[in-house]
Amino acid sequence: MTPTLGTLPLEPYRPELVAPPVAALLAATPDLAAHAHVAEIDPTLADTQALNDAFALEADLGANCVVVMGRRGADERPAACVVLSSTRADVNGLVRRTLDVRKCSFAPQDWAVGETGMEHGGITPVGMPGSWPILIDRAVTEQEWVVVGSGLRRSKLVLPGASLAQLPGARVLDGLGIRA
């Protein structure tokens with residue numbers, strides 16, 4: 001059954017509407033793909049506030065995924081962080097401690113795009129490189145449905161929030177998303 005989220009034009013998942021790494025993960029996990037929906041959108045609406053305004057979405061329906069890079073000496077540790085779009089990731093606190101690094105910051109945009117195979121503004125936890133941890137705020141997993149990137153700016157992926165906890169490398173954390 002296709003959920004109704006604001007006026008977002010949802011349809012059952014179609015692989016041509018997501019980035020190749022996303023399609024590959026969904027092909028490998030048919031249970032997840034069976035619950036996935038997509039919405040084709042104007043790429044200028046890919047950013048959270050524009051999407052929410054255009055489709056009458058509540059902020060807690062969306063989840064943002066950011067790529068961070070932690071460092072301890074010469075060791076670099078990338079990770080994806082997923083928080084409700086009404087919050088921001090606690091990069092310098094909980095993320096830094098979880099990755100066991102001295103310094104942690106947002107990864108450079110060009111690097112993140114190249115490593116994930118996804119477009120800036122469309123990065124999603126679905127299809128992240130297999131060696132990366134995916135840190136997910138518990139509040140995201142408690143949403144019945146969550147709107148995330150599809151790997152492309154021209155569409156959004158909608159999944160049950162709890163399903164994100166089943167992604168390879170997923171680790172659910174309390175307090176990862178903090179109110180701005």
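Look above for the structure.
Just so it is clear, the model here is predicted, and its values are computed rather than measured.

1. Here we look at the overall build of the protein
Phase 1: Assigned secondary structure in the protein consists of 6 helices and 11 strands.
Phase 2: Relative to the globule expectation of 16 Å for 180 residues, the C-alpha radius of gyration of the protein, 15 Å, shows essentially globular dimensions.
Phase 3: On the principal axes, the C-alpha backbone points of the protein span a range of 45 × 30 × 30 Å.
Phase 4: Taking all 180 residues of the protein together, 50% fall into the buried category.
Phase 5: For the protein, the share of sequence-separated contacts (at least 6 apart) that also reach a separation of at least 24 residues comes to 69%.

2. Side note on the sheet that holds strand E10 (residues 170-173)
Paired through backbone hydrogen bonds, the strands of a sheet run either parallel or antiparallel to each other.
Phase 1: The 5 strands lie next to each other as E6-E3-E4-E7-E10, forming an open sheet whose pairing is mixed. Edge positions in the open sheet fall to strand E6 (103-106) and E10, since each of these has one partner strand only. Looking at each pair of strands side by side, their axes are set apart by 30 degrees on average, direction ignored.
Phase 2: Pairing analysis gives 4 bridges linking strand E7 (residues 134-137) to E10, with the strands arranged parallel. If you follow isoleucine 134 over to E10, its bridge partner there is alanine 170.

3. Overview of the environment of lysine 103
Phase 1: Mapped onto the secondary structure, lysine 103 falls in strand E6.
Phase 2: Spatially, the C-alpha atoms of lysine 103 and methionine 69 are 8.3 Å apart, while their sequence positions differ by 34 residues.
Phase 3: Sequence-distant contacts of lysine 103, that is, excluding residues within four places in its chain, are made with Met69, Gly70, Arg71 and Arg96.

4. Re the environment of glycine 175
Phase 1: Its location among the elements puts glycine 175 in the loop between E10 and strand E11 (177-179).
Phase 2: Accessibility expressed as a relative area gives 41% for glycine 175, which makes it partly exposed.
Phase 3: Here the alpha-carbon distance between glycine 175 and aspartate 137, two residues 38 residues apart in the chain, equals 6.4 Å.
Phase 4: The residues contacting glycine 175, other than those within four sequence positions of it, are Asp90, Leu94 and Asp137.

5. Side note on the pairing of strand E4 (residues 75-84)
Phase 1: In terms of residue burial, E4 counts as a mostly covered element, since 7 of its 10 residues are buried.
Phase 2: Where strand E3 (residues 63-72) lies against E4, 10 bridges are found, and the strand directions are antiparallel. Bridging across to E4, valine 68 finds its partner in alanine 79.
Phase 3: Counting the residues that bridge the hairpin from E3 to E4 gives 2 residues, and of these glycine 73 lies at a positive phi of roughly 65 degrees.
Phase 4: As paired elements, E4 and E7 share 3 bridges and run parallel to each other. Directly across from alanine 80, in E7, lies its bridge partner isoleucine 134.

Calculation notes
- In this numbering scheme, every chain counts its residues from 1 along its sequence in written order.
- The model is predicted, so local features are restricted to residues of pLDDT at least 70 and side-chain atom pairs to those at 80 or more, both for listing and for counting; the totals for chains, interfaces and linings are taken over all residues.
- Note that the side-chain values use all heavy atoms of the structure and ignore hydrogens as well as water.
- The helix and strand labels rest on DSSP assignments: H or I over at least four residues marks a helix, E over at least two residues marks a strand, and numbering proceeds from the N terminus.
- Restricting the calculation to C-alpha atoms gives the radius of gyration, and the globule rule supplies 2.2 Å times the number of residues raised to the power 0.38.
- Partly exposed describes any residue whose relative accessible area lies between the buried limit of under 20% and the exposed limit of over 50%, with all areas from a 1.4 Å probe on protein chains only and scaled to the type maximum.
- In this description, contact between two residues means that some pair of their heavy atoms is separated by no more than 4.5 Å.
- Note on pairing: DSSP must find at least two bridges between two strands before they are called paired.
- All axes are obtained by fitting lines to C-alpha atoms, using only the stretch in contact for helices, and the reported angles, taken between N-to-C directions, cover 0 to 180 degrees.

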